[in-house]
Structures are given as structure tokens and as C-alpha cells.
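Structural features, examined
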Amino acid sequence: MTRYVALGSSFAAGPGIVPILVPECARSGRNYAQLAAERLGYDLVDVSSGGATIDDVLTRPQALLAGGAVPPQVEAVGPDVDVVTVTVGGNDVEYLLTLLRCSFQADPEGTPLPARAFFGTPIDPAAVHAALAVLPDRLGRLVGEVRRRAPRARVVLVDYLTVVPEQATPAFPMSEEHRLLCADVGRRLEAATAAAARVTGADLVAASAASRDHAVGSAEPWVTGWVFGDLLGGGVAPYHPNAAGMRAVADLLVDRVG
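The sections below set out a description of the structure shown in this document. (Residues numbered from 1 in each chain as written. Predicted model: local features only at pLDDT ≥ 70, side-chain atom pairs only at ≥ 80, totals over all residues. Heavy atoms only, no water.)

Side note on the environment of Tyr32
For clarity, the threshold we go by: Helix and strand labels come from DSSP, where a helix needs a run of H or I of at least four residues and a strand needs a run of E of at least two; each type is numbered from the N terminus. The classification of residues rests on relative accessible area computed with a 1.4 Å probe and restricted to protein chains. Under 20% of the type maximum is buried, over 50% is exposed, and intermediate values are partly exposed. We call two residues contacting when some pair of their heavy atoms lies within 4.5 Å.
Mapped onto the elements of the fold, Tyr32 is located in helix H2 (residues 32-40). On the accessibility criterion, Tyr32 (2% relative accessible area) is buried. Dropping the residues within four chain positions of it, Tyr32 is found in contact with Tyr4, Phe11, Ala12, Thr85, Val86, Thr87, Val158, Met246, Val249, Ala250 and Leu253.

This is the structure we're talking about:
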């Protein structure tokens, strides 16, 4: 049987999509890896976790929302693995955090009280752009480490679904200046993932391109809007893939590797 390991952050894990298999990692039983493995008949080890950065995948035990930690995700990859998918990088460049901070400035009253102090911290575009500049190389090193551990594995970089719409809406409260900033970060995250795939020869599933017409507030959104819930209890996470988005990414992955 084909052995498949799924690595990544919340856009791989699937917070808010029931059933939640591992609450402390916000990992859904219906994320794209779970759906694709089921359809392809692959033996899946899913170690994706909300909040993960490249360091959490490669070298650093990741601290969890509920306390405790999980080992670096790449430790799940061994020489008998055939397929590895990776969705990571957004937390390294503070993509989601920038989205949340920008929407908080437009709608502070719509933000849960416990989050207001965190979301209210200043936006730092210079730090975000500096992190984006080195992201392709960092993703390339991640692919290299996966291949070192699993020389025969097919490595597939799955990028992030498009979040930012063409204009602000109640589901996406944001000034136009901040909307343009967030759209730019999303495009550069997409470009960095594509560049890493080109340089390393990894496969690319361009979920960003496939979801252009499915951003927040669209007729058929593949991501959630400015909504909140108890993540450890399986609640909705703002600006994350919804169930339809995960199904769409799974379709793309099956088409790519099937």
C-alpha cells in the first residue's frame, strides 16, 4: 500500500471542519489529506497542526494551544514513505495574523474579547516582506530534508487557498489599504511556494489559482469569513479553508498524484 505523510499548518489541518480528530492540533478528519487518502486508498500519517511554521515541521517541537508539544513533523517521514504533501509558510510570514490584525482594526467590536489584545498589536509590513523574501529558500530546504529522509517519495507542495476578495464585505471587514496589503502577502506566498517547487522539482498543487473565484464573500466561498468559535471544541476559525475548500483541494491533489 502507498504510504502517505501529510505535513503542514492549519490550512492542511482543517480547524473547524468536523470531525476534529486531534483538537490540540485543530486537525480534522475531513481535511484534504484525509479525503485524498481515502479516495486513493493510501495509508496516511497526518501530522499537520494549526500554527505550524517551517521550523515546527523541521526542527522544533511545536507548542500547542492546549499545552504540551508535538515533535517536529518531519520525524514522521521515513524511507518507506511514497508521497509527502506540504502546506506551510503562511505562519512564517504572519499571513493569517496580518489578516486578523487588519480586520480587527476595521471591526474591533466583532472580535472576541480574549483576542483583542493580541489582534490589536501593530502590523509590521517590513517584517512580513523580509520573511517573504527568504521563504522560497526555506521551503526548498524543507523539501531537501524530506527527500533525504524518504529518497523515493514524491513531494507535493500544496499552496494556500485564496482568502482575500476583490473588495471588502461584512464577511471581510478591512480598509482598502489593508486589503491590498493582505492580497499582496497572499500573492507573494503563492509565488514563493511555486518558486520552491520549480527549484526543487517538487510537484505543485496550486490551490491559490484554483480558488480565485472562491475567496471570502464569494457566491461559493472555499474559506471562512470574519467568524469565530472555540477551536479546541471544533469551532470555526476565521479565514481558513471550509469543508468545500478542503474537498476542492483534495480533488486537485487526487488529480495530481492519482
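Next comes the rest of the account.
What to know about the sheet that holds strand S4 (residues 43-46)
Think of a sheet as strands paired side by side through backbone hydrogen bonds, with each pair either parallel or antiparallel. Inclusion rule: Strand pairing requires that DSSP identify at least two bridges connecting the strands. Helix axes are fitted only over the stretch in contact, all axes being lines through C-alpha atoms; the angle between N-to-C directions runs from 0 to 180 degrees.
The five strands are arranged S4-S1-S7-S8-S9 in an open sheet whose pairing can be described as parallel. The open sheet has two edge strands, S4 and strand S9 (203-205), and neither has a second partner. When strand polarity is set aside, the average angle formed by the axes of neighbouring strands in this sheet is 20°. Judged from the five bridges that link them, strand S1 (residues 3-8) and strand S7 (residues 83-87) form a sheet pairing that is parallel. Bridge pairing in S7 places Gly8 opposite Thr87. Most of the contacts of helix H7 (residues 176-200) go to S9, to which it runs at about 155°, and overall it touches strand S8 (154-158) and S9.

With respect to the pairing of S4
Along S4, the buried face is formed by Leu44 and Asp46; none of Asp43 and Val45, which line the opposite face, is buried. Of the strand pairs in this sheet, S1 and S4 are connected by four bridges, and their pairing is parallel. Paired with Val5 across the strands is Val45, a residue of S4.

What about the pattern of salt bridges?
The test is simple: In what follows, salt bridge is the name for a side-chain nitrogen of Lys or Arg lying within 4 Å of a carboxyl oxygen of Asp or Glu.
On inspection of all chains with the given rule, the structure shows 17 salt bridges. Arg3 is the partner of Asp80 in a salt bridge, and the nearest nitrogen-oxygen pair spans 2.3 Å. You can see Asp80 sitting in the loop between strand S6 (69-70) and S7 and its partner Arg3 sitting in strand S1, a full 77 residues away along the chain. For Asp80, a relative accessible area of 35% translates into the label partly exposed. Across the salt bridge formed by Arg138 and Asp92, the nearest N and O atoms sit 2.8 Å from each other. Of this pair, Arg138 sits in helix H6 (residues 125-149) while Asp92 is found in the loop between S7 and helix H4 (95-106), placing the two residues 46 residues apart along the sequence. Residue Arg138 shares its accessibility class with Asp92, and that shared class is buried.

Examining the side chain of Ser48
Here is the rule we go by: Each polar contact in these results corresponds to two N or O atoms within 3.5 Å; when the atoms are within protein, one needs to be able to donate a hydrogen and the other to accept it, and residues that are neighboring in sequence are counted only if both atoms are side-chain atoms.
Mapping Ser48 onto the fold places it in the loop between S4 and helix H3 (54-58). Within the structure, the side chain of Ser48 is placed 2.7 Å from the side chain of Asp46, a separation counted as a polar contact. The contacts of Ser48, once residues within four sequence positions are left out, are Ala6, Leu7, Gly8, Ser9, Ala12, Ala13, Cys25, Arg27, Asn31 and Gln73.

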